[in-house]
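Structural features, examined
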Amino acid sequence: MTTGRVNPKFRLEDQGIEGLGQVHYNLTEPALVQAALMRGEGKLGNGGAFLVSTGKFTGRSPKDKHVVKTDSVAEKIWWENNAAMSPEGFDALYADMTEHMKGRDFFVQDLVGGADPANSIDVRMVTELAWHGLFIRHMLRRPDRADLDDFTADWTVINCPSFKADPAKHDCRSETVIAMNFDRKIILIGGTEYAGENKKSVFTLLNYLLPEKGIMPMHCSANHAVGNPVDTAIFFGLSGTGKTTLSADPARVLIGDDEHGWSDRGTFNFEGGCYAKTISLSPEAEPEIYATTSKFGTVIENMVFDPETFELDFEDDSLTANMRAAYPLEYISNASASALGGHPKNIIMLTCDAFGVLPPIARLTPAQAMYHFLSGFTSKVAGTERGVTEPEPTFSTCFGAPFMPRRPEVYGNLLRDKIAQHGATCWLVNTGWTGGAYGTGHRMPIKATRGLLTAALDGTLANAEFRKDPNFGFDVPVDVPGVPQLLLDPRRTWGNAEGYDQAAAKLVQMFADNFAQYVPYIDDDVKACAIG
(Lines give C-alpha, C1' and ligand atoms only; values in the text may rest on other atoms or scores of the structure.)
Protein backbone atom coordinates (compact mmCIF):
# COMPACT_ATOMS: atom_id res chain seq x y z
CA MET A 1 0.00 0.00 0.00
CA THR A 2 1.33 3.44 -0.88
CA THR A 3 0.50 7.05 -0.05
CA GLY A 4 1.78 10.33 -1.44
CA ARG A 5 2.92 11.59 -4.82
CA VAL A 6 5.38 9.65 -6.98
CA ASN A 7 6.31 8.95 -10.57
CA PRO A 8 4.11 5.91 -11.33
CA LYS A 9 6.96 4.43 -13.37
CA PHE A 10 9.51 4.87 -10.59
CA ARG A 11 8.14 3.28 -7.45
CA LEU A 12 10.30 1.14 -5.18
CA GLU A 13 8.88 -1.95 -6.90
CA ASP A 14 10.25 -0.63 -10.18
CA GLN A 15 13.67 -0.59 -8.52
CA GLY A 16 13.28 -4.20 -7.43
CA ILE A 17 12.50 -3.38 -3.78
CA GLU A 18 9.34 -5.33 -3.03
CA GLY A 19 7.32 -6.77 -0.18
CA LEU A 20 7.45 -3.71 2.09
CA GLY A 21 4.63 -2.59 4.36
CA GLN A 22 3.16 0.84 3.73
CA VAL A 23 5.35 3.12 1.61
CA HIS A 24 4.86 6.87 2.00
CA TYR A 25 6.14 8.89 -0.96
CA ASN A 26 7.16 12.54 -0.69
CA LEU A 27 5.10 13.47 2.34
CA THR A 28 5.31 17.16 3.23
CA GLU A 29 6.51 18.45 6.58
CA PRO A 30 3.16 18.38 8.44
CA ALA A 31 2.49 14.79 7.35
CA LEU A 32 6.00 13.68 8.31
CA VAL A 33 5.76 15.29 11.75
CA GLN A 34 2.35 13.64 12.25
CA ALA A 35 3.67 10.25 11.17
CA ALA A 36 6.75 10.51 13.40
CA LEU A 37 4.58 11.41 16.40
CA MET A 38 2.13 8.57 15.74
CA ARG A 39 5.03 6.13 15.53
CA GLY A 40 6.49 7.37 18.82
CA GLU A 41 9.75 8.54 17.25
CA GLY A 42 9.90 11.78 19.24
CA LYS A 43 7.98 14.63 20.87
CA LEU A 44 6.37 17.82 19.58
CA GLY A 45 8.24 20.80 20.99
CA ASN A 46 7.47 24.49 21.30
CA GLY A 47 6.51 26.12 18.03
CA GLY A 48 6.08 22.71 16.42
CA ALA A 49 9.73 21.67 16.48
CA PHE A 50 10.31 17.89 16.54
CA LEU A 51 12.38 16.68 19.50
CA VAL A 52 14.26 13.42 19.01
CA SER A 53 17.03 11.35 20.52
CA THR A 54 19.23 9.27 18.21
CA GLY A 55 20.03 6.68 20.91
CA LYS A 56 23.44 5.03 20.99
CA PHE A 57 24.92 7.04 18.13
CA THR A 58 24.99 10.82 18.60
CA GLY A 59 27.67 11.49 15.98
CA ARG A 60 28.99 10.10 12.72
CA SER A 61 30.72 6.72 12.49
CA PRO A 62 33.50 7.47 9.98
CA LYS A 63 35.31 4.18 10.54
CA ASP A 64 32.17 2.30 9.43
CA LYS A 65 31.99 4.06 6.06
CA HIS A 66 32.94 1.87 3.08
CA VAL A 67 33.39 2.26 -0.68
CA VAL A 68 32.78 -0.80 -2.83
CA LYS A 69 36.02 -1.60 -4.66
CA THR A 70 34.93 -2.17 -8.25
CA ASP A 71 37.11 -1.86 -11.34
CA SER A 72 35.59 1.50 -12.29
CA VAL A 73 36.77 3.24 -9.10
CA ALA A 74 39.73 1.12 -7.92
CA GLU A 75 42.32 3.58 -9.29
CA LYS A 76 40.45 6.73 -8.28
CA ILE A 77 39.59 6.24 -4.61
CA TRP A 78 41.91 7.35 -1.80
CA TRP A 79 41.99 3.95 -0.12
CA GLU A 80 44.15 5.09 2.81
CA ASN A 81 41.17 7.23 3.82
CA ASN A 82 38.25 5.07 2.62
CA ALA A 83 37.63 1.52 3.82
CA ALA A 84 37.09 -0.92 0.95
CA MET A 85 34.17 -3.34 0.67
CA SER A 86 34.11 -6.16 -1.84
CA PRO A 87 31.35 -6.23 -4.47
CA GLU A 88 30.31 -9.63 -3.06
CA GLY A 89 30.05 -8.16 0.44
CA PHE A 90 27.88 -5.32 -0.85
CA ASP A 91 25.62 -7.65 -2.82
CA ALA A 92 25.08 -9.74 0.33
CA LEU A 93 24.47 -6.58 2.36
CA TYR A 94 21.90 -5.29 -0.14
CA ALA A 95 20.10 -8.64 -0.28
CA ASP A 96 19.97 -8.98 3.49
CA MET A 97 18.91 -5.39 4.10
CA THR A 98 16.09 -5.46 1.53
CA GLU A 99 14.95 -8.81 2.98
CA HIS A 100 14.96 -7.24 6.46
CA MET A 101 12.85 -4.34 5.12
CA LYS A 102 9.99 -6.60 4.01
CA GLY A 103 6.76 -5.97 5.89
CA ARG A 104 8.07 -2.73 7.40
CA ASP A 105 6.82 0.76 6.60
CA PHE A 106 9.17 3.17 4.81
CA PHE A 107 9.27 6.82 3.85
CA VAL A 108 10.58 7.96 0.46
CA GLN A 109 11.74 11.47 -0.39
CA ASP A 110 12.71 12.34 -3.98
CA LEU A 111 15.13 15.25 -3.70
CA VAL A 112 17.92 17.15 -5.44
CA GLY A 113 21.55 17.64 -4.42
CA GLY A 114 22.80 20.96 -5.78
CA ALA A 115 21.19 24.37 -6.39
CA ASP A 116 22.81 24.70 -9.84
CA PRO A 117 20.57 22.72 -12.22
CA ALA A 118 23.49 22.16 -14.59
CA ASN A 119 25.45 20.35 -11.89
CA SER A 120 22.88 18.76 -9.60
CA ILE A 121 21.95 15.12 -9.00
CA ASP A 122 18.55 13.60 -8.29
CA VAL A 123 18.54 11.47 -5.14
CA ARG A 124 15.92 9.09 -3.75
CA MET A 125 16.11 8.78 0.04
CA VAL A 126 14.39 5.69 1.51
CA THR A 127 14.16 5.92 5.30
CA GLU A 128 12.79 3.62 7.96
CA LEU A 129 12.19 6.54 10.31
CA ALA A 130 9.65 9.23 9.43
CA TRP A 131 11.75 11.90 11.12
CA HIS A 132 14.73 10.97 8.92
CA GLY A 133 12.47 11.82 5.99
CA LEU A 134 11.73 15.19 7.61
CA PHE A 135 15.44 15.77 8.27
CA ILE A 136 16.62 15.01 4.75
CA ARG A 137 13.71 17.00 3.29
CA HIS A 138 15.20 19.99 5.09
CA MET A 139 18.79 19.21 4.18
CA LEU A 140 18.54 18.48 0.45
CA ARG A 141 16.67 20.56 -2.10
CA ARG A 142 12.98 19.96 -2.75
CA PRO A 143 11.77 19.81 -6.36
CA ASP A 144 8.46 21.40 -7.29
CA ARG A 145 5.55 19.06 -6.52
CA ALA A 146 4.64 18.80 -10.19
CA ASP A 147 8.17 17.62 -11.01
CA LEU A 148 7.70 14.56 -8.81
CA ASP A 149 5.43 13.03 -11.45
CA ASP A 150 8.44 12.51 -13.75
CA PHE A 151 11.18 12.20 -11.12
CA THR A 152 13.77 9.46 -11.70
CA ALA A 153 16.68 9.25 -9.29
CA ASP A 154 20.33 9.16 -10.32
CA TRP A 155 21.17 7.60 -6.95
CA THR A 156 19.24 5.84 -4.19
CA VAL A 157 20.08 5.96 -0.48
CA ILE A 158 18.47 3.39 1.84
CA ASN A 159 18.68 4.05 5.57
CA CYS A 160 17.48 1.24 7.84
CA PRO A 161 18.65 1.77 11.45
CA SER A 162 17.05 -1.46 12.72
CA PHE A 163 19.25 -3.53 10.40
CA LYS A 164 22.50 -4.82 11.87
CA ALA A 165 25.31 -5.73 9.48
CA ASP A 166 27.34 -8.93 9.78
CA PRO A 167 31.04 -7.99 9.41
CA ALA A 168 32.06 -11.48 8.26
CA LYS A 169 29.30 -11.79 5.69
CA HIS A 170 29.14 -8.18 4.51
CA ASP A 171 32.87 -7.34 4.52
CA CYS A 172 32.46 -4.42 6.91
CA ARG A 173 33.85 -3.41 10.31
CA SER A 174 30.86 -3.65 12.65
CA GLU A 175 27.06 -3.89 12.86
CA THR A 176 26.94 -0.23 11.81
CA VAL A 177 27.56 0.31 8.11
CA ILE A 178 27.58 3.04 5.47
CA ALA A 179 28.36 1.49 2.06
CA MET A 180 28.67 3.33 -1.27
CA ASN A 181 28.51 1.44 -4.57
CA PHE A 182 29.40 3.69 -7.51
CA ASP A 183 28.54 1.02 -10.08
CA ARG A 184 25.07 0.29 -8.73
CA LYS A 185 24.49 3.93 -7.66
CA ILE A 186 23.25 2.85 -4.26
CA ILE A 187 24.21 3.91 -0.72
CA LEU A 188 23.19 1.67 2.19
CA ILE A 189 23.11 2.89 5.81
CA GLY A 190 22.33 0.55 8.69
CA GLY A 191 22.68 0.27 12.45
CA THR A 192 22.63 3.98 13.34
CA GLU A 193 19.84 6.52 13.88
CA TYR A 194 22.17 9.53 13.66
CA ALA A 195 20.64 11.62 10.87
CA GLY A 196 23.88 13.30 9.84
CA GLU A 197 24.89 10.09 8.02
CA ASN A 198 22.13 10.82 5.47
CA LYS A 199 23.42 14.22 4.42
CA LYS A 200 27.09 13.34 4.58
CA SER A 201 26.61 10.29 2.36
CA VAL A 202 25.27 12.57 -0.39
CA PHE A 203 28.11 15.03 0.23
CA THR A 204 30.66 12.23 -0.14
CA LEU A 205 28.98 11.21 -3.37
CA LEU A 206 29.23 14.74 -4.80
CA ASN A 207 32.85 14.93 -3.67
CA TYR A 208 33.52 12.00 -5.98
CA LEU A 209 31.40 13.01 -8.97
CA LEU A 210 32.05 16.74 -9.36
CA PRO A 211 35.87 16.92 -9.75
CA GLU A 212 35.57 15.03 -13.06
CA LYS A 213 33.50 18.01 -14.29
CA GLY A 214 36.11 20.51 -13.10
CA ILE A 215 33.93 21.53 -10.16
CA MET A 216 35.45 22.02 -6.71
CA PRO A 217 33.27 20.41 -3.98
CA MET A 218 33.84 22.17 -0.66
CA HIS A 219 33.13 21.51 3.01
CA CYS A 220 32.35 25.15 3.64
CA SER A 221 29.69 27.72 4.35
CA ALA A 222 29.15 30.69 2.04
CA ASN A 223 27.58 34.14 1.93
CA HIS A 224 27.64 37.22 -0.27
CA ALA A 225 27.22 40.97 0.07
CA VAL A 226 23.65 42.28 0.02
CA GLY A 227 22.64 42.97 -3.58
CA ASN A 228 26.04 41.84 -4.85
CA PRO A 229 26.50 38.08 -5.38
CA VAL A 230 29.87 38.83 -7.00
CA ASP A 231 31.20 39.62 -3.50
CA THR A 232 31.03 36.00 -2.29
CA ALA A 233 32.97 34.57 0.66
CA ILE A 234 33.42 30.92 1.54
CA PHE A 235 34.34 29.51 4.95
CA PHE A 236 36.14 26.15 5.03
CA GLY A 237 36.08 24.27 8.32
CA LEU A 238 35.26 21.11 10.20
CA SER A 239 32.32 20.83 12.57
CA GLY A 240 32.68 23.12 15.56
CA THR A 241 34.94 25.70 13.88
CA GLY A 242 32.17 28.23 13.28
CA LYS A 243 31.08 27.60 9.67
CA THR A 244 27.38 27.96 10.46
CA THR A 245 27.71 30.76 13.02
CA LEU A 246 30.07 32.98 11.05
CA SER A 247 28.32 32.63 7.69
CA ALA A 248 24.97 33.60 9.26
CA ASP A 249 25.99 37.27 9.22
CA PRO A 250 22.95 39.59 9.31
CA ALA A 251 24.86 42.08 7.15
CA ARG A 252 25.32 39.54 4.34
CA VAL A 253 23.16 37.08 2.37
CA LEU A 254 23.51 33.44 3.43
CA ILE A 255 24.09 31.00 0.56
CA GLY A 256 24.48 27.95 2.79
CA ASP A 257 26.16 26.66 5.94
CA ASP A 258 28.04 23.45 5.10
CA GLU A 259 28.41 22.06 1.54
CA HIS A 260 29.03 23.94 -1.70
CA GLY A 261 30.43 23.62 -5.20
CA TRP A 262 32.61 26.05 -7.16
CA SER A 263 32.03 25.74 -10.90
CA ASP A 264 32.81 27.91 -13.91
CA ARG A 265 29.50 29.63 -13.15
CA GLY A 266 30.32 30.49 -9.54
CA THR A 267 29.35 29.11 -6.12
CA PHE A 268 26.29 26.95 -5.41
CA ASN A 269 24.89 25.29 -2.32
CA PHE A 270 24.43 21.52 -2.40
CA GLU A 271 21.70 21.72 0.23
CA GLY A 272 18.37 23.31 1.06
CA GLY A 273 18.81 23.60 4.81
CA CYS A 274 21.16 23.98 7.76
CA TYR A 275 22.36 21.59 10.48
CA ALA A 276 23.50 23.82 13.34
CA LYS A 277 25.17 22.85 16.60
CA THR A 278 23.03 24.20 19.45
CA ILE A 279 25.25 23.81 22.51
CA SER A 280 25.41 27.17 24.32
CA LEU A 281 23.28 28.76 21.57
CA SER A 282 21.85 32.08 22.74
CA PRO A 283 19.39 34.62 21.32
CA GLU A 284 21.91 37.40 21.97
CA ALA A 285 24.84 35.89 20.07
CA GLU A 286 22.98 34.06 17.30
CA PRO A 287 19.36 35.27 17.19
CA GLU A 288 18.46 33.86 13.77
CA ILE A 289 19.70 30.33 14.49
CA TYR A 290 18.22 30.40 18.01
CA ALA A 291 14.82 31.35 16.58
CA THR A 292 14.76 28.25 14.35
CA THR A 293 14.70 25.97 17.43
CA SER A 294 11.05 26.86 18.02
CA LYS A 295 9.82 26.85 14.44
CA PHE A 296 7.55 24.23 12.93
CA GLY A 297 9.28 21.13 11.65
CA THR A 298 12.78 22.01 12.86
CA VAL A 299 14.41 18.76 13.95
CA ILE A 300 15.94 19.14 17.41
CA GLU A 301 18.42 16.32 17.79
CA ASN A 302 19.73 15.06 21.15
CA MET A 303 18.83 18.06 23.28
CA VAL A 304 17.67 17.81 26.89
CA PHE A 305 14.29 19.50 27.46
CA ASP A 306 11.92 20.11 30.38
CA PRO A 307 9.35 17.28 30.35
CA GLU A 308 6.57 19.66 31.45
CA THR A 309 7.23 22.85 29.49
CA PHE A 310 9.35 21.36 26.66
CA GLU A 311 11.81 24.24 27.10
CA LEU A 312 15.16 23.32 25.57
CA ASP A 313 18.31 23.31 27.70
CA PHE A 314 21.12 24.70 25.58
CA GLU A 315 23.79 24.05 28.23
CA ASP A 316 23.02 20.45 29.24
CA ASP A 317 25.31 18.21 27.18
CA SER A 318 24.53 15.01 29.11
CA LEU A 319 23.21 13.35 25.93
CA THR A 320 26.02 14.74 23.74
CA ALA A 321 27.91 17.95 23.09
CA ASN A 322 26.89 17.39 19.44
CA MET A 323 23.29 18.55 19.97
CA ARG A 324 21.85 20.00 16.77
CA ALA A 325 18.96 21.65 14.95
CA ALA A 326 18.09 20.89 11.31
CA TYR A 327 15.92 23.45 9.52
CA PRO A 328 15.20 24.72 5.99
CA LEU A 329 17.23 27.64 4.67
CA GLU A 330 14.16 29.84 4.43
CA TYR A 331 13.99 29.91 8.24
CA ILE A 332 16.97 32.30 8.07
CA SER A 333 15.60 35.70 7.06
CA ASN A 334 18.62 36.74 4.99
CA ALA A 335 19.08 33.43 3.17
CA SER A 336 19.46 33.47 -0.61
CA ALA A 337 16.40 32.18 -2.45
CA SER A 338 18.57 30.83 -5.28
CA ALA A 339 21.43 29.52 -3.07
CA LEU A 340 23.84 30.73 -5.77
CA GLY A 341 26.80 33.09 -5.53
CA GLY A 342 29.65 34.40 -7.61
CA HIS A 343 33.26 33.27 -7.69
CA PRO A 344 34.64 33.67 -4.15
CA LYS A 345 36.34 37.00 -3.56
CA ASN A 346 37.52 35.88 -0.10
CA ILE A 347 38.36 32.37 1.09
CA ILE A 348 38.35 31.84 4.85
CA MET A 349 39.95 28.71 6.31
CA LEU A 350 38.60 28.18 9.82
CA THR A 351 40.66 26.30 12.36
CA CYS A 352 39.95 25.50 15.99
CA ASP A 353 43.43 25.53 17.53
CA ALA A 354 43.32 23.74 20.90
CA PHE A 355 47.01 24.63 21.49
CA GLY A 356 46.22 28.37 21.64
CA VAL A 357 49.16 29.10 19.33
CA LEU A 358 47.66 30.46 16.10
CA PRO A 359 46.60 34.12 15.75
CA PRO A 360 42.92 35.03 15.33
CA ILE A 361 43.50 35.85 11.64
CA ALA A 362 46.35 35.62 9.12
CA ARG A 363 46.62 36.47 5.43
CA LEU A 364 47.80 33.66 3.16
CA THR A 365 49.54 33.67 -0.20
CA PRO A 366 48.03 31.27 -2.79
CA ALA A 367 50.81 28.75 -2.05
CA GLN A 368 50.21 29.06 1.69
CA ALA A 369 46.49 28.59 1.07
CA MET A 370 47.22 25.34 -0.77
CA TYR A 371 49.47 24.26 2.12
CA HIS A 372 46.86 24.94 4.81
CA PHE A 373 44.08 23.44 2.71
CA LEU A 374 45.98 20.17 2.33
CA SER A 375 47.00 20.25 6.01
CA GLY A 376 43.50 20.97 7.30
CA PHE A 377 44.68 21.57 10.87
CA THR A 378 41.95 21.93 13.49
CA SER A 379 40.62 20.20 16.58
CA LYS A 380 37.85 17.64 16.59
CA VAL A 381 35.17 19.13 18.82
CA ALA A 382 33.43 17.01 21.45
CA GLY A 383 30.62 14.81 20.15
CA THR A 384 30.98 15.25 16.39
CA GLU A 385 32.45 11.76 16.08
CA ARG A 386 32.00 8.76 18.34
CA GLY A 387 34.49 8.74 21.20
CA VAL A 388 35.52 12.43 21.03
CA THR A 389 34.86 13.94 24.47
CA GLU A 390 37.18 16.97 24.44
CA PRO A 391 38.99 18.93 21.71
CA GLU A 392 41.59 16.79 19.95
CA PRO A 393 44.15 18.40 17.61
CA THR A 394 43.96 16.76 14.22
CA PHE A 395 44.83 17.22 10.56
CA SER A 396 41.81 16.69 8.33
CA THR A 397 42.92 17.37 4.78
CA CYS A 398 40.74 19.70 2.70
CA PHE A 399 38.97 20.53 5.99
CA GLY A 400 36.82 17.46 5.40
CA ALA A 401 38.85 14.24 5.13
CA PRO A 402 35.98 11.97 6.28
CA PHE A 403 34.01 12.99 3.16
CA MET A 404 36.79 12.87 0.56
CA PRO A 405 36.76 9.77 -1.67
CA ARG A 406 39.58 11.00 -3.92
CA ARG A 407 43.18 11.84 -3.07
CA PRO A 408 43.63 15.29 -1.44
CA GLU A 409 45.71 16.63 -4.32
CA VAL A 410 42.67 16.36 -6.63
CA TYR A 411 40.83 18.91 -4.50
CA GLY A 412 43.94 20.95 -3.73
CA ASN A 413 44.78 21.39 -7.42
CA LEU A 414 41.21 22.42 -8.21
CA LEU A 415 41.33 25.03 -5.45
CA ARG A 416 44.75 26.31 -6.56
CA ASP A 417 43.59 26.69 -10.17
CA LYS A 418 40.39 28.50 -9.20
CA ILE A 419 42.21 30.87 -6.84
CA ALA A 420 44.66 31.68 -9.64
CA GLN A 421 41.90 32.17 -12.21
CA HIS A 422 39.66 34.36 -10.06
CA GLY A 423 42.16 36.10 -7.76
CA ALA A 424 40.60 35.27 -4.40
CA THR A 425 42.19 36.56 -1.19
CA CYS A 426 42.80 33.82 1.40
CA TRP A 427 42.70 34.04 5.19
CA LEU A 428 43.34 31.60 8.04
CA VAL A 429 41.04 32.28 11.01
CA ASN A 430 41.48 30.65 14.42
CA THR A 431 38.21 30.25 16.35
CA GLY A 432 39.88 28.00 18.94
CA TRP A 433 41.83 28.95 22.04
CA THR A 434 43.79 32.03 23.07
CA GLY A 435 45.69 32.89 26.24
CA GLY A 436 46.80 29.29 26.60
CA ALA A 437 45.86 25.83 25.42
CA TYR A 438 42.55 24.05 26.04
CA GLY A 439 42.10 23.76 29.82
CA THR A 440 44.11 26.91 30.53
CA GLY A 441 43.14 29.51 27.96
CA HIS A 442 39.69 30.42 26.66
CA ARG A 443 37.84 30.33 23.34
CA MET A 444 38.47 33.17 20.93
CA PRO A 445 35.80 35.86 21.55
CA ILE A 446 33.15 35.60 18.84
CA LYS A 447 32.86 39.40 18.77
CA ALA A 448 36.55 39.72 17.86
CA THR A 449 36.29 37.03 15.18
CA ARG A 450 33.28 38.74 13.63
CA GLY A 451 35.10 42.09 13.70
CA LEU A 452 38.15 40.66 11.95
CA LEU A 453 36.03 38.92 9.33
CA THR A 454 34.06 42.09 8.65
CA ALA A 455 37.34 43.97 8.10
CA ALA A 456 38.60 41.20 5.79
CA LEU A 457 35.42 41.03 3.73
CA ASP A 458 34.86 44.77 3.33
CA GLY A 459 38.48 45.28 2.27
CA THR A 460 39.66 47.47 5.17
CA LEU A 461 41.96 44.76 6.55
CA ALA A 462 43.98 44.82 3.33
CA ASN A 463 45.20 48.30 4.29
CA ALA A 464 46.35 47.28 7.78
CA GLU A 465 49.96 46.93 8.89
CA PHE A 466 51.07 43.27 8.93
CA ARG A 467 53.92 41.40 10.62
CA LYS A 468 55.48 38.12 9.50
CA ASP A 469 54.75 35.32 11.97
CA PRO A 470 58.11 33.77 12.97
CA ASN A 471 56.72 30.24 13.34
CA PHE A 472 54.32 29.91 10.41
CA GLY A 473 55.47 32.53 7.91
CA PHE A 474 52.07 34.07 7.20
CA ASP A 475 51.11 37.74 7.58
CA VAL A 476 49.30 38.78 10.79
CA PRO A 477 47.69 42.23 11.24
CA VAL A 478 49.27 44.38 13.94
CA ASP A 479 46.26 46.59 14.69
CA VAL A 480 42.60 46.33 13.67
CA PRO A 481 40.04 48.90 14.91
CA GLY A 482 37.60 47.40 17.40
CA VAL A 483 39.77 44.37 18.14
CA PRO A 484 42.06 44.27 21.22
CA GLN A 485 45.63 44.61 19.96
CA LEU A 486 46.83 42.04 22.49
CA LEU A 487 44.63 39.37 20.88
CA LEU A 488 46.43 39.73 17.55
CA ASP A 489 49.70 38.48 19.07
CA PRO A 490 48.96 35.10 20.70
CA ARG A 491 52.37 34.93 22.41
CA ARG A 492 51.50 38.02 24.45
CA THR A 493 48.19 36.52 25.58
CA TRP A 494 49.92 33.68 27.40
CA GLY A 495 50.96 33.97 31.03
CA ASN A 496 54.46 32.86 30.12
CA ALA A 497 56.18 33.33 26.78
CA GLU A 498 58.34 30.25 27.22
CA GLY A 499 55.24 28.06 27.46
CA TYR A 500 53.93 29.59 24.24
CA ASP A 501 57.25 28.99 22.46
CA GLN A 502 57.23 25.33 23.48
CA ALA A 503 53.63 24.86 22.31
CA ALA A 504 54.39 26.65 19.03
CA ALA A 505 57.44 24.46 18.39
CA LYS A 506 55.35 21.35 19.04
CA LEU A 507 52.66 22.50 16.60
CA VAL A 508 55.23 23.41 13.92
CA GLN A 509 56.66 19.90 14.16
CA MET A 510 53.17 18.38 13.92
CA PHE A 511 52.57 20.39 10.73
CA ALA A 512 55.88 19.22 9.25
CA ASP A 513 55.32 15.57 10.14
CA ASN A 514 51.81 15.59 8.71
CA PHE A 515 52.70 17.39 5.48
CA ALA A 516 55.48 14.99 4.53
CA GLN A 517 52.87 12.71 2.93
CA TYR A 518 51.94 15.39 0.35
CA VAL A 519 55.45 16.53 -0.66
CA PRO A 520 55.76 14.08 -3.60
CA TYR A 521 52.54 15.43 -5.11
CA ILE A 522 52.90 19.22 -4.82
CA ASP A 523 54.56 22.06 -6.74
CA ASP A 524 57.75 23.81 -5.66
CA ASP A 525 56.01 27.01 -4.53
CA VAL A 526 53.96 25.05 -1.99
CA LYS A 527 57.05 23.13 -0.85
CA ALA A 528 58.82 26.45 -0.33
CA CYS A 529 56.22 27.68 2.15
CA ALA A 530 55.99 24.41 4.09
CA ILE A 531 56.24 24.94 7.84
CA GLY A 532 59.15 23.43 9.76
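Residues numbered from 1 in each chain as written. Predicted model: local features only at pLDDT ≥ 70, side-chain atom pairs only at ≥ 80, totals over all residues. Heavy atoms only, no water.

The name given to the protein chain in an unreviewed UniProt entry is Phosphoenolpyruvate carboxykinase (ATP), and the organism recorded there is Arenibacterium halophilum. For the protein chain, the Catalytic activity (unreviewed entry) comment in UniProt is given as "oxaloacetate + ATP = phosphoenolpyruvate + ADP + CO2". If you open the UniProt record of the protein chain and go to Sequence similarities (unreviewed entry), you find "Belongs to the phosphoenolpyruvate carboxykinase (ATP) family." (UniProt positions renumbered as here; feature names shortened; annotations may be inferred.)

**Considering the packing of aromatic side chains**
Throughout the structure, instances matching the rule amount to 22 aromatic pairs. Judged by centre distance (5.3 Å) and plane angle (50°), the rings of Phe-377 and Phe-395 are tilted. In this pair, Phe-377 is assigned in strand β23 (residues 377–380) and Phe-395 in strand β24 (residues 392–395), connecting sequence segments 18 residues apart. Ring centres 5.4 Å apart and planes at 50° place the aromatic pair Phe-377 and Phe-511 in the tilted group. Within this pair, whereas Phe-377 is found in strand β23, its partner Phe-511 is found in helix α12 (residues 497–515), the two being separated by 134 residues in sequence. (Phe/Tyr/Trp six-rings, centres within 6.5 Å; stacked < 30°, edge-to-face > 60°. Helix = DSSP H or I, 4+ residues; strand = E, 2+ residues; numbered from the N terminus.)

**Digging into helix α10 (residues 446–457)**
For α10, which comprises twelve residues, the first-to-last C-alpha distance of 16 Å matches the rise-based estimate of 16 Å (1.5 Å per residue) to within 8%. Buried positions along α10 lie against β13 (228–236), α6 (243–247), β14 (252–256), β21 (344–351), β22 (361–364) and β25 (425–430). The first or second residue beyond α10 is Gly-459, which carries a positive phi of 95°. (Expected span 1.5 Å × (residues − 1). Contact = heavy atoms within 4.5 Å.)

**Some thoughts on the environment of Gln-509**
Summarising the element assignment, Gln-509 is placed in helix α12. Taking C-alpha positions, Gln-509 is 6.2 Å from Gly-532, a pair spaced 23 residues apart along the chain.

**Focus on the nonpolar core**
The biggest cluster of nonpolar side chains holds 49 residues, and the ones touching the most others in it are Phe-236, Ile-347, Met-349, Phe-373, Leu-415 and Phe-472. Taken together, the elements giving at least two residues each to this core come down to β12 (216–225), β13, β21, β22, α8 (366–375), α9 (408–422), β25 and α12. Ranked by residue count, the leading element in this core is α12, at seven residues. Among the nonpolar cores identified, the runner-up in size contains 46 residues, and Val-67, Leu-134, Phe-203 and Ile-215 belong to it. (Core = buried A, V, L, I, M, F, W, Y, C linked by side-chain atoms within 4.5 Å. Buried < 20%, exposed > 50% of the residue type's maximum accessible area, 1.4 Å probe, protein only.)

**Considerations on unusual backbone geometry**
The residue Cys-398 is not glycine, and still its phi comes out positive at about 65°. Within the secondary structure, Cys-398 sits in the loop between β24 and α9. The phi dihedral of Phe-399 is positive, around 55°, even though this residue is not glycine. Take Phe-399: it is sitting in the loop between β24 and α9.

**A short note on the sheet that holds strand β3 (residues 43–44)**
An order of β3-β4-β18-β19-β17 is seen for the five strands of this open sheet, with the pairing classed as mixed. The open sheet has two free edges, formed respectively by β3 and β17 (273–277), since each of these has just one partner strand. Sheet topology places β17 next to strand β19 (residues 324–328); five bridges connect them, and they run antiparallel. Directly across from Ala-276, in β19, lies its bridge partner Ala-325. (Pairing = 2+ DSSP bridges.)

**A look at the sheet that holds strand β11 (residues 186–190)**
Read from one edge to the other, the open sheet built from nine strands follows the order β1-β2-β7-β8-β9-β11-β10-β5-β6, with strand pairing classed as mixed. Only two strands of the sheet have a single neighbouring strand rather than two, namely β1 (2–4) and β6 (83–85). Strand-to-strand twist in this sheet, taken as the mean axis angle between neighbours without regard to direction, amounts to 20°. By the bridge criterion, three bridges tie strand β5 (residues 65–68) to β6 in an arrangement that is parallel. Considered in β6, the bridge of Val-68 is made with Met-85. Relative to β11, helix α2 (residues 87–101) is tilted by about 65°, and along the sheet it contacts β5, β6, β7 (106–113), β8 (121–127), β9 (155–160), β10 (177–181) and β11. Across the sheet, helix α5 (residues 196–209) is in contact with β5, β8, β9, β10 and β11; its angle to β8 comes to roughly 150°. (Axes fitted to C-alpha atoms, helices over the stretch in contact; angles between N-to-C directions.)

**A word on the UniProt feature "binding site: substrate" (unreviewed entry) in the protein chain**
Within this structure's numbering, the places UniProt gives as "binding site: substrate" (unreviewed entry) are Arg-60, Tyr-194, Lys-200 and Arg-324. Counting through the fold element by element, Arg-60 comes out in the loop between β4 (50–52) and β5. A relative accessible area of 12% places Arg-60 in the buried class. Take Lys-200: it is sitting in helix α5. Assessed through its relative accessible area of 7%, Lys-200 is described here as buried. Dropping the residues within four chain positions of it, Lys-200 is found in contact with Arg-60, Lys-65, His-219, Asp-258, Glu-259 and Phe-403.

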